[in-house]
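Reading the structure
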2 protein chains.
Amino acid sequence: MKNFKFYSPTKIVFGERSVNQLGRQIAGKYKNILLHYGGGSIKKSGLYTEVMNILKEYDCEVYELSGVEPNPKLGLVREGVKLAKKKDIDLILAVGGGSVIDSAKAIGIGAMYDGDVWDYYTGDASVRGTIPLGVILTFPATGSEASMGSVITNEDGHRKLAVNHDILRPLFAIMDPLYTLTLPSKQTFAGIMDILSHIFERYFTHTKNVDLTDSLCEGTMRTVIKNAYILKKDPRNLAARSEIMLAGTIAHNGLLGMGREDDWASHGIGHEMSALYGTTHGRTLSIIFPAWMKYVYKENLDRFVQFAINVFSVSVVNKSLEQIALEGINSLITFIKDIGLPVSLEDEGLPLDKIDFMAERATEGGPLGTFKVLKKEDVIRIFNLAR
Amino acid sequence: MKNFKFYSPTKIVFGERSVNQLGRQIAGKYKNILLHYGGGSIKKSGLYTEVMNILKEYDCEVYELSGVEPNPKLGLVREGVKLAKKKDIDLILAVGGGSVIDSAKAIGIGAMYDGDVWDYYTGDASVRGTIPLGVILTFPATGSEASMGSVITNEDGHRKLAVNHDILRPLFAIMDPLYTLTLPSKQTFAGIMDILSHIFERYFTHTKNVDLTDSLCEGTMRTVIKNAYILKKDPRNLAARSEIMLAGTIAHNGLLGMGREDDWASHGIGHEMSALYGTTHGRTLSIIFPAWMKYVYKENLDRFVQFAINVFSVSVVNKSLEQIALEGINSLITFIKDIGLPVSLEDEGLPLDKIDFMAERATEGGPLGTFKVLKKEDVIRIFNLAR
């Protein structure tokens, strides 16, 4: 186990009708609220009206900024920063999924800075403070509701970059699984792939003596896989929706990575696909992860054997370690296909002529990852395993 | 899954030499510090000097209150409250194990109140605020370093009572497993029993659809049991010490109980034994828990079957569900004996003539527990199963 810090102060308010707890979170503390959301879905579902009624009841001034898209854009963030400064916003309330939350986080830190908010993402400025952020989560996937990260896409030049800082962890996250019952299948399963990937990125490590977090990772992976299959058959199964929603938070609040060296290479590679083609984040991961695994498993065969046995219950009888490891990877591929996600660029209808460009971009800031350190040539090989 | 709130804001600073991070936690924020600890062990180990040097370096005024005993006493708490009020303490630093931390928590809330701090424990006053609390943990067991609870013993009348409030969660907990290498075997394994009990109290529930937290509980229990056996053979195994230390925090910060109905009956019964005989907390639990399990398992046979299979790998071939469940309980008894703890009042050399008195006391405030609601007669029967 490595030395580590773990800090996850976000108050999770979980369950049916938990939006009714919104008032208690803000009472007497916040006045000027920036309500940040995506398209019309929260209006259709009635959540918008519920939230507005509560904010009105607590005498808040509400300023709205809607229109957040998947792979949230810098343009809208800049607009939000201006608004937050002008209106003296003291709480941002993000109502939606990971894109809305990441966009809100960017606005929160941007408003505390005289320069351009993009500076944080390029590393040209360091995060110092933020406007407090509350979340009402409607779509489990990115774990942003309790994470320290924000990922923003700069439309000029197709750059998708991240900031990570403890100050970005939301104050509270209201999570009602009822909101997720009607999510389209495509979103549900792309989200599930994102959740699993957050665990993979912590689970595949060379750090020794990590019994506890291994077992937490494996238990969370098994739970996600089991309940994904339930949702495939029965999308309105509230119990399964609840398990997935909670797993999404746990997968990325830092808990599962305590004391472990992690590896974010696959996320990094996937971001280049999203930046270039707008591919849904979870679908980049379902394409990249199996290829990454095939490319790196020999770096630590034992870990892939443990994955195969403890997550996919691969039988070990009469098999070499390598066979067991590969069977684990193939079980994951089967799972991904079963939930209707792509496992190759071709599945997603993506061209092959920009592999070199994306590999160049992904490694521009230096090699990726830790489990196996990836240079541009390695990334090209991974893309080729994912053709 | 039930609706729930989860809030665990304590910053965990974990690993070898993590005491070096103390300065960063207090810099520029705290001036008058109450250093609270037990006997001389932190002086022998050199930790006292290290801490004092850091506090001096940051220009803190340090006031000391030592002498905390196991089952921490109200008398010392009252002394601490007086001192904290008089010296305008702005941070309490608890250096030690659960008793020191619980005592520090009591001082923290007591200093914000004009009446007697014991009122919080009897329920005659409600917690409103506290002096912030930092922890340097030297003994993993109670989980108090990140929990919302404090348990104090009133010497007058042998009462041991608890307060639970989110405000009692420490600001930070510095956890260096090196400190635990030299813990006496008795303390180590009593602590391990306390840790396991915190999981049992959440795991044995009637709440349905708790896949994720089930798997987190089971993984944590397996990790604790595996590493306890390692420490039995090799007490100076740092990797195993680290796993146990981290498991102790996770077991009681609320994570494993998310969305579950919990049951604190066994802790409550054990507290009466400690109040009357001064029995070490973990040793009351190793006596009570197996008896409680034998008394209640029929209330939810499936859960005890799951426990037997997923925690102790009990084989199911040619066995009835009841046999599997009982084999799980017996596996726990074997484990308890293997780590040298008592499983009966007789093992601990306790008399049997106060069972009625303890059962009366334990249920004075109403029946205990939820898995099976226990009246005085039930508690007597449990004690009799533990004779």
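These numbers come from a predicted model, not from an experiment.

Each helix and strand counted, chain A has 15 helices and eight strands in total. For 387 residues, the compact-globule estimate of 2.2 N^0.38 gives 21 Å, and the C-alpha radius of gyration of chain A, at 20 Å, lies within 12% of that figure. In terms of principal-axis extent, the alpha carbons of chain A reach across some 70 × 45 × 45 Å. With 387 residues in all, chain A has 55% of them scored as buried. Long-range contacts, defined here as pairs at least 24 residues apart, represent 78% of the contacts in chain A between residues at least 6 apart.

Our focus in this paragraph is the sheet that holds strand E1 (residues 4-14) of chain B. In spatial order, the strands read E3(A)-E2(A)-E4(A)-E5(A)-E8(A)-E1(A)-E1(B)-E8(B)-E5(B)-E4(B)-E2(B)-E3(B); together these twelve strands make up an open sheet with mixed pairing. At either end of the open sheet lies a strand with only one pairing partner, and these are strand E3 (61-65) of chain A together with strand E3 (61-65) of chain B. Strand-to-strand, the axes of this sheet are offset by a mean angle of 25°, without reference to chain direction. Two elements, strand E4 (residues 91-96) of chain A and strand E5 (residues 133-137) of chain A, share five bridges in a ladder whose sense is parallel. Paired with Leu 93 of chain A across the bridge in E5 of chain A is Gly 134 of chain A. Contacts from helix H5 (residues 98-110) of chain A reach strand E2 (32-37), E4 and E5 of chain A within the one sheet, and its direction differs from that of E4 of chain A by about 165°.

Between chain A and chain B, the superposition needs a rotation of 180° and an axial shift of 0.0 Å, giving an RMSD of 0.0 Å. Taken together, the rotation and translation relating the two chain copies correspond to the operation of a two-fold axis. It is Pro 9 of chain A whose C-alpha, among those of chain A, lies nearest the rotation axis, at 1.9 Å. The residues that chain A uses at the interface reappear at the interface of chain B in 100% of cases, marking a shared surface.

So, about the domain arrangement of chain A. All names here are of chain A. For chain A, the assigned domains are domain 1 (11-179) and domain 2 (183-385). Computed from C-alpha coordinates alone, the two centres of domain 1 and domain 2 are separated by 27 Å. Each side of the interface is counted separately: domain 1 has 18 residues, and domain 2 has 25 residues. Contributions of two or more residues to the side of domain 1 that touches domain 2 are made by strand E1 (4-14) and strand E7 (159-164). Here the side of domain 1 that touches domain 2 is composed, by residue class, of nine nonpolar, six polar and three charged.

Moving on, we come to unusual backbone geometry. The phi angle of most residues is negative, glycine excepted, and most peptide bonds adopt the trans form. Look at Ser 313 of chain A: it is not a glycine, yet its phi comes out positive at around 50°. Summarising the element assignment, Ser 313 of chain A is placed in the loop between helix H12 (301-312) and helix H13 (321-338).

On to the packing of helix H7 (residues 185-203) of chain A against helix H8 (residues 211-233) of chain A, then. All names here are of chain A. Here H7 crosses H8 at 165°, and the two axes come no closer than 10 Å. In terms of orientation, H7 and H8 fall into the roughly antiparallel class. Crossing geometry of H7 relative to H8 is assigned as left-handed. Contacts between H7 and H8 involve Thr 188, Phe 189, Ile 192, Ile 195, Leu 196, Ile 199, Arg 202 and Tyr 203 from the former and Cys 217, Thr 220, Met 221, Val 224, Ala 228 and Leu 231 from the latter. Its residues placed into classes, the contact of H7 with H8 shows eleven nonpolar, two polar and one charged.

This part covers the interface of chain A and chain B. Across the contact, 35 residues belong to chain A and 35 residues belong to chain B. Contributions of two or more residues to the side of chain A that touches chain B are made by E1, H8 and helix H9 (238-250) of chain A. With eleven residues, H8 of chain A is the largest single contributor of residues to the side of chain A that touches chain B. Of the residues belonging to the side of chain A that touches chain B, the class tally is 14 nonpolar, twelve polar and nine charged. Here seven bridges tie E1 of chain A to E1 of chain B, and the two strands are oriented antiparallel to one another. Paired with Phe 14 of chain A across the two strands is Phe 4 of chain B, which belongs to E1 of chain B.

Here we come to the nonpolar core. Ile 92 and Val 95 of chain A together with Ile 92 and Val 95 of chain B are the most contacted members of the largest nonpolar core, which totals 248 residues. Setting aside anything within four residues of it in sequence, one finds Val 95 of chain A in contact with Leu 35, Tyr 37, Ile 42, Leu 47, Val 51, Val 100, Ile 136 and Thr 138 of chain A.

Conventions and cut-offs
Residues numbered from 1 in each chain as written. Chains lettered and ligands numbered in written order. Predicted model: local features only at pLDDT ≥ 70, side-chain atom pairs only at ≥ 80, totals over all residues. Helix = DSSP H or I, 4+ residues; strand = E, 2+ residues; numbered from the N terminus. Rg over C-alpha atoms; globule rule 2.2 N^0.38 Å. Buried ≥ 20, exposed ≤ 12 C-beta atoms within 10 Å, placed from the backbone. Contact = placed C-beta atoms within 7 Å. Pairing = 2+ DSSP bridges. Axes fitted to C-alpha atoms, helices over the stretch in contact; angles between N-to-C directions. Least-squares fit on C-alpha atoms with pLDDT ≥ 70 in both. Domains from an automatic or database assignment. Nonpolar A, V, L, I, M, F, W, Y, C, P; charged D, E, K, R; others polar. Parallel < 35°, antiparallel > 145°, perpendicular 65-115°, else oblique. Left-handed = near helix turned anticlockwise from the far one by under 90°. Core = buried A, V, L, I, M, F, W, Y, C linked by C-beta atoms within 7 Å.

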